[in-house]
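Structure assessment
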Amino acid sequence: MRIAILLFNMPLSKLCGSSRFTTQTANKLAKMGHDVTVIANKDSYPPENNFRYLQVDTPPYGSWRNCLSDEESFLSTIYKYLEVLFKAHREYKFDILHVQHLLFSTIIASIFKDTFGIPFVATCHGTETFESDGNMRMQRFFRYAENASHITADSDTIIDDIHKFISFSANKVSVVNTAVDIKKFHQSADLRAITRKNLRFKPSDRVLLYAGRLVQEKGILEVPHIYKNLLQSHQNLKLLIVGDGPMRPNLEKSLSQLGLLNENCKLMGFVHPDSMPDYYNASDVFLMPSLWNEPFATASLEAMACGCVVVAYARGGVAKMLQNRGFESLVSKQGNIEDFVDKVGELLSSQAKMSDYSRKLQNLVRDNLSWEISTLKLVTIYNDVLKYV
């Protein structure tokens, strides 16, 4: 199969779910023997890959809202992507196009479909529906997604969000979860010992981890209060915060006001993805106090694969998966810090419970959330779409 995958206005190296989804999916499809072309934004640090990578030289907007801040620039960006896609199709003769996100990339896909008769699949990653809430100007652009032959979503929690913006029959929407590279993310006693030594943490310490963008919707400002409350009954408790973002000054201020900026709390800033298994393995509990309907937070899945137990607020795809799979005790009432603290505290107070959850969550990810499984689901969708061309 000759497959084009388009990621609008982002490079593959961007640290976000849709970039990772595109890279991993393209690599797995290529390994299966498919001819894969990825079209994405110009990349300063292109990842290693075994697919064709065509880069479009456009300025990244940084958010969906910013795309429409300069109409002339936006039209120029759309045109440049079309130009690269059309030229590539003339050379490689694509059978199907798969675009990431339901906003703006579906304009390109619709024009491509009308011009060449090539069907397209569109994946909703959730940020486009989240940022468009209450913004009628942005919402008007969702209608182009109705031209897709099939829509996939990172998790079933955002399917209702999709239906708010477009009219689409239920049998043309599927869940294809973001997944985990099982060979890269796995439990390692050696990594745990080495990383803890480098961090100057003792083997007997309990370590909490937050990993992700430092943005308000991910609940980063909940973390200092969760940690402060837990310290009252768990003295050997450490906090690792991995990631960067616009809320870092607010985070540092909150930690300082609560008297937590010391050797027990480490802000690591940006960490390269290749080093993340070190921090997952060094940690015991992954904190996920997300305030938005996050489809399927990749970092939490990677943490589970490395044996780190996830505790989450009751919103989004990961929380729903945990509830559906019998891990209700790892899901806190939404926005209730006291309940979140209680859930984490129960784990910290019982090594047997911690070890049991760690083992079961590793099995859950390994058996259900590998990129091989997700990519096979996509191939089935592609084949179903092409039956009707």
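Anyway, here's the lowdown on the structure attached to this text. (Residues numbered from 1 in each chain as written. Predicted model: local features only at pLDDT ≥ 70, side-chain atom pairs only at ≥ 80, totals over all residues. Heavy atoms only, no water.)

Looking now at the sheet that holds strand β9 (residues 237–242). Spatial strand order, β10-β9-β8-β11-β12-β13: 6 strands in an open sheet with parallel pairing. Since the sheet does not close on itself, it has two edges, and those belong to β10 (265–269) and β13 (331–332), each with one partner. Note that strand β11 (residues 285–288) and strand β12 (residues 309–313) share 4 bridges and pair parallel. Of the residues in β12, the one forming a bridge with F286 is V310. Across the sheet, helix α9 (residues 248–257) is in contact with β9 and β10; its angle to β10 comes to roughly 170°. (Pairing = 2+ DSSP bridges. Helix = DSSP H or I, 4+ residues; strand = E, 2+ residues; numbered from the N terminus. Contact = heavy atoms within 4.5 Å. Axes fitted to C-alpha atoms, helices over the stretch in contact; angles between N-to-C directions.)

Looking now at the environment of S374. Looking at the element boundaries, S374 is found in helix α15 (residues 371–386). Residue class for S374 comes out buried when judged on its relative accessible area of 4%. For the pair formed by S374 and N177, sequence separation is 197 residues and the distance between their alpha carbons is 6.4 Å. Once residues within four sequence positions are removed from consideration, S374 is found in contact with V176, N177 and A179. (Buried < 20%, exposed > 50% of the residue type's maximum accessible area, 1.4 Å probe, protein only.)

Our next topic: the sheet that holds strand β1 (residues 2–7). Spatially, 7 strands are ordered β3-β2-β1-β4-β5-β6-β7 in an open sheet, and the strand pairing comes out parallel. Only two strands of the sheet have a single partner each, and these edge strands are β3 (52–56) and β7 (173–175). Neighbour-to-neighbour, the strand axes of this sheet turn through a mean angle of 20°, independent of strand direction. Strand contacts of helix α1 (residues 17–31): β1, β2 (35–41), β4 (96–100) and β5 (120–124), with the helix running at about 170° to β1, the strand carrying the most contacts.

Counted at 1.5 Å a residue, the expected span for α15 with its 16 residues is 22 Å, and the 22 Å between its end C-alpha atoms agrees. Inspection of α15 places W371, S374, T375, L378, V379, I381, Y382 and V385 among the buried residues, and these make up the whole buried set. The buried residues of α15 occupy one face: seen down the axis, they fall within an arc of 165°. Taken together, the buried residues of α15 touch β1, α1, β4, β5, β6 (150–153) and β7. (Expected span 1.5 Å × (residues − 1). Arc of directions from axis to C-beta.)

Turning to its location among the elements, N293 is positioned in the loop between β11 and α11 (298–305). Within polar-contact distance, the side chain of N293 engages the side chain of D161 at 3.0 Å. Excluding residues that lie within four positions of it along the chain, N293 makes contacts with T157, I158, D161, R315 and G316. (Polar contact = N/O pair within 3.5 Å; in protein donor to acceptor, adjacent residues only side chain to side chain.)

In this section: helix α14 (residues 351–368). A rise of 1.5 Å per residue sets the reference length of α14, with its 18 residues, at 26 Å; its end C-alpha atoms lie 26 Å apart and thus fit the reference within 8%. Buried within α14 we find M354, Y357, S358, L361, Q362, L364 and V365. Across the axial projection of α14, the buried residues extend over an arc of 160°, all falling on one side. Contacts made by the buried residues of α14 are with β8 (206–211), β11, α11, β12, α12 (317–324) and α13 (337–348).

The next point concerns the nonpolar core. By size, the foremost hydrophobic cluster in this structure holds 69 residues, and its most contacted members are L6, F8, V38, F74, L85, L97 and F104. No other element matches helix α2 (residues 71–92), which puts 7 residues into this core. If we skip the residues at most four places from it in the chain, L6 touches I39, Y81, L85, L97, H98, V99, Q100, S105 and I108. (Core = buried A, V, L, I, M, F, W, Y, C linked by side-chain atoms within 4.5 Å.)

The N-to-C vectors of α1 and α15 enclose an angle of 75°; their axes lie 10 Å apart at closest approach. Relative to α15, α1 is oriented roughly perpendicular. Every residue of α15 that contacts α1 at R20, F21, Q24, T25, K28 and L29 is listed here: W371, E372, T375, L378, V379 and Y382. Taken together, the residues of the contact of α1 with α15 break down into 6 nonpolar, 3 polar and 3 charged. (Parallel < 35°, antiparallel > 145°, perpendicular 65-115°, else oblique. Nonpolar A, V, L, I, M, F, W, Y, C, P; charged D, E, K, R; others polar.)

Moving on to the pairing of β9. Burial analysis of β9 places 6 of its 6 residues in the buried class, which makes it a mostly covered element. Residues L237, L239 and I241 of β9 are buried on one face, and the alternating residues K238, L240 and V242, pointing to the opposite face, are buried as well. The pairing of β8 with β9 spans 6 bridges and is parallel. Among the inter-strand pairings, A211 is bridged to a residue of β9, identified as V242. With helix α8 (residues 223–231) bridging β8 and the parallel β9, this β-α-β connection has right-handed handedness. For β9 and β10, the ladder comprises 4 bridges, and the chain directions are parallel. (Right-handed = clockwise from strand over helix to strand, strands pointing away.)

Structural measurements only, silent on function.
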